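Observations on chain architecture
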Amino acid sequence: MDPEVSLLLLCPLGGLSQEQVAVELSPAHDRRPLPGGDKSITAIWETRLQTQPWIFDAPKFRLHSATLASRSPPPQLLLNLGLTSYRDFLGTNWSSSASWLRQQGATDWGDKQAYLADPLGVGATLVTADDFLVLLRRSQQVAEAPGMVDVPGGHPEPQALCSGGIPQHKDLPGELVVRELFSSVLQEICDEVNLPLHTLSQPLLLGIACNETSAGRASAEFYVQCGLTSEEVRNYYMSGGPEAHESTGIIFVETQRVQRLQETEMWAQLCPSAKGAILLYNRHPPLQSGAGKSHLTQPSVPTLSPQL
C-alpha cells in the first residue's frame, strides 16, 4: 500500500447505491476542542489568507466513523457524521502539529482523529463509454495538491441543505445528507469536467479512502459511468465550465491499464485522493468488466462535433 493513502472502508463488490447508505448526524461526532483552545486554528487561517486570499471558509460534514452491516437488508452502511469547516481543516489536518494532535487524541479520547476536522470529501472514478478513466491536472491556484493529477471531486455541502444561516445538526435529516453525499459527486463532475448531468450514471459508493498526507482526512470514492466517449468528454471539458479554473488539463487512461497504474511513472503524479479512488476501483472487478454501465440514466446521448 502506498504510504500516502489508506483504505478505511471497502464496500461490497459492485459498490453501494444511495438507498443502501444511511447517515447519523450528531454533535457527538464533531471534532473535540483542541487542548488549550482553538486560537492556533485562527492564527493558521489568517496566515493562509495572506498567501492565498481567494480561499474561503465554509461548513463541511465531518466523518467520525462508518459501520458496514453486510448481512442486513438496506441500508447496509451507516455513516456517523458531525459538522466542521474548511477553516478548521486547514488549522488541524494541515497544521504542523497534526501528528501531535493525532497522538494526543489517541491518549485523551482513544481516537487519534478526535482533534482533527476531517471534512468528508467525495471523488469519482469516472469512466467513459469507450472505457477510459477521466483524470484532471489540478491548477497551481488550488489550496491542496497544486499541479498534481486527481479524479473529479470535492465536498458534500451542508449549506446546500439550508435555506440560510449556519447549518445545525438538528436541521439536517440523515436522508437529505445521504442525498447530498451522492448528488455532490455528480455536481463536482458537472462543474469540473463540464459534463451534462443526463450523461452520468447514478453513483455507486466503492469505499472510503484516507489521505495520510493530511492526517488521515477521509474521502468517499464513487464509480460513475459516462455515456460519452473520451473525445466527446474532452470537447465538453475544453469548452469550459463553472470550476474550469481548478484544473489545467484532462487526462484519459484506458481502464485496462488502471489495474497496473501503480507500477507506472504516472502514479507519482497522482494526489492521494486519486490514489485512494483508484485503489478502491481496482478492488471492484465487476465494474471493470462493464457491469456498471447498466446504471446509466440515459440509454444514449448525441455525438458531439469537436469544438476546438
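Described below are features of the structure shown in this document.

Cut-offs used in this document
- Residues numbered from 1 in each chain as written.
- Predicted model: local features only at pLDDT ≥ 70, side-chain atom pairs only at ≥ 80, totals over all residues.
- Heavy atoms only, no water.
- Helix = DSSP H or I, 4+ residues; strand = E, 2+ residues; numbered from the N terminus.
- Rg over C-alpha atoms; globule rule 2.2 N^0.38 Å.
- Buried < 20%, exposed > 50% of the residue type's maximum accessible area, 1.4 Å probe, protein only.
- Contact = heavy atoms within 4.5 Å.
- Areas by Shrake-Rupley, 256 points an atom, 1.4 Å probe, with all protein chains shown as cover.
- Lys, Arg positive; Asp, Glu negative; His and termini not counted.
- Charge placed at Lys NZ, Arg CZ, Asp CG, Glu CD.
- Pairing = 2+ DSSP bridges.
- Axes fitted to C-alpha atoms, helices over the stretch in contact; angles between N-to-C directions.
- Phe/Tyr/Trp six-rings, centres within 6.5 Å; stacked < 30°, edge-to-face > 60°.
- Salt bridge = Lys/Arg side-chain N within 4 Å of Asp/Glu carboxyl O.

A tally of helices and strands in the chain yields eight helices and eleven strands. The globule rule puts the C-alpha radius of gyration for 308 residues at 19 Å, and the 19 Å found for the chain is close to it. Once the C-alpha set of the chain is aligned to its principal axes, its extents read approximately 60 × 50 × 45 Å. Taking all 308 residues of the chain together, the buried fraction comes to 52%. Taking as baseline every contact in the chain between residues at least 6 positions apart, the subset at least 24 positions apart corresponds to 75%. For the chain, the accessible area works out to roughly 13700 Å², and carbon and sulfur atoms hold 53% of it. Charged side chains of the chain number 21 positive and 32 negative; the gap between the two group centres comes to 5 Å.

With that out of the way, let us pick up the sheet that holds strand 2 (residues 21-25). The three strands lie next to each other as 2-4-3, forming an open sheet whose pairing is mixed. The open sheet has two free edges, formed respectively by strand 2 and strand 3 (59-68), since each of these has just one partner strand. Across the sheet, the mean angle from the axis of one strand to that of its neighbour is 35°, orientation sign disregarded. Pairing of strand 3 with strand 4 (residues 77-85) involves nine bridges; the strand directions are antiparallel. Across the sheet, threonine 67 pairs through a bridge with leucine 78, a residue of strand 4. Packing against the sheet, helix 4 (residues 174-193) makes contact with strand 2, strand 3 and strand 4, and its axis sits at approximately 120° to strand 2.

One pass over the structure, following the stated rule, counts five aromatic pairs. Geometrically, the ring pair formed by phenylalanine 132 and phenylalanine 252 is edge-to-face, given 6.5 Å between the ring centres and 90° between the ring planes. Placement of phenylalanine 132 in strand 6 (residues 132-138) and of phenylalanine 252 in strand 11 (residues 247-254) is noted, with a sequence separation of 120 residues between them. Relative accessible area serves as the criterion here: at 15%, phenylalanine 252 is assigned to the buried category. Residues tyrosine 223 and tyrosine 281 carry aromatic rings whose centres are separated by 6.2 Å and whose planes lie at 5° to one another, so their mutual orientation is stacked. With tyrosine 223 in strand 10 (residues 217-225) and tyrosine 281 in helix 7 (residues 272-281), this residue pair connects regions lying 58 residues apart in the sequence.

Before going further, it helps to examine the pattern of salt bridges. Applying the stated criterion across every chain yields a total of eleven salt bridges. Across the salt bridge formed by glutamate 157 and lysine 60, the nearest N and O atoms sit 2.9 Å from each other. With glutamate 157 in the loop between strand 8 (153-154) and helix 4 and lysine 60 in strand 3, the pair connects residues that are 97 residues apart, well separated along the chain. Take glutamate 157: its relative accessible area is 24%, and that puts it in the partly exposed class. On the accessibility criterion, lysine 60 (7% relative accessible area) is buried. Close ionic contact of aspartate 88 with arginine 87 constitutes a salt bridge, the shortest N to O distance being 3.1 Å. Owing to a relative accessible area of 22%, arginine 87 belongs among the partly exposed residues under this scheme. Counted as one network, the salt bridges with shared partners bring together Arg31, Asp38, Arg87 and Asp88.

For the rest of this paragraph, the subject is helix 5 (residues 230-238). The set of residues buried in helix 5 consists of Ser230, Glu232, Val233, Asn235, Tyr236 and Tyr237. Buried-residue contacts for helix 5 involve strand 6, helix 4 and strand 11. Remark: glycine 240 follows helix 5 within two positions and exhibits a positive phi of approximately 95°.

Next up on the list: the environment of leucine 9. The residue leucine 9 is located in strand 1 (residues 5-10) in this model. Residue classification places leucine 9 among the buried residues on the basis of a relative accessible area of 10%. In this structure the C-alpha to C-alpha distance between leucine 9 and leucine 206, which are 197 residues apart in sequence, comes to 8.5 Å. Here leucine 9 is in contact with Ala66, Leu68, Leu77, Leu206, Gly207, Ile208 and Leu280, once residues within four sequence places are set aside.

Further remarks concern the pairing of strand 9 (residues 204-211). Within a regular strand, side chains alternate between the sheet's two faces. Within strand 9, eight of the eight residues are buried, which leaves it mostly tucked inside the rest of the structure. In the sheet, strand 1 pairs with strand 9 via five bridges, with the strands oriented antiparallel. In the sheet register, leucine 10 faces strand 9, and the bridge partner there is glycine 207. Inspection of the sheet shows strand 9 paired to strand 10 by seven bridges, in the antiparallel sense. Bridge pairing in strand 10 places leucine 205 opposite phenylalanine 222.

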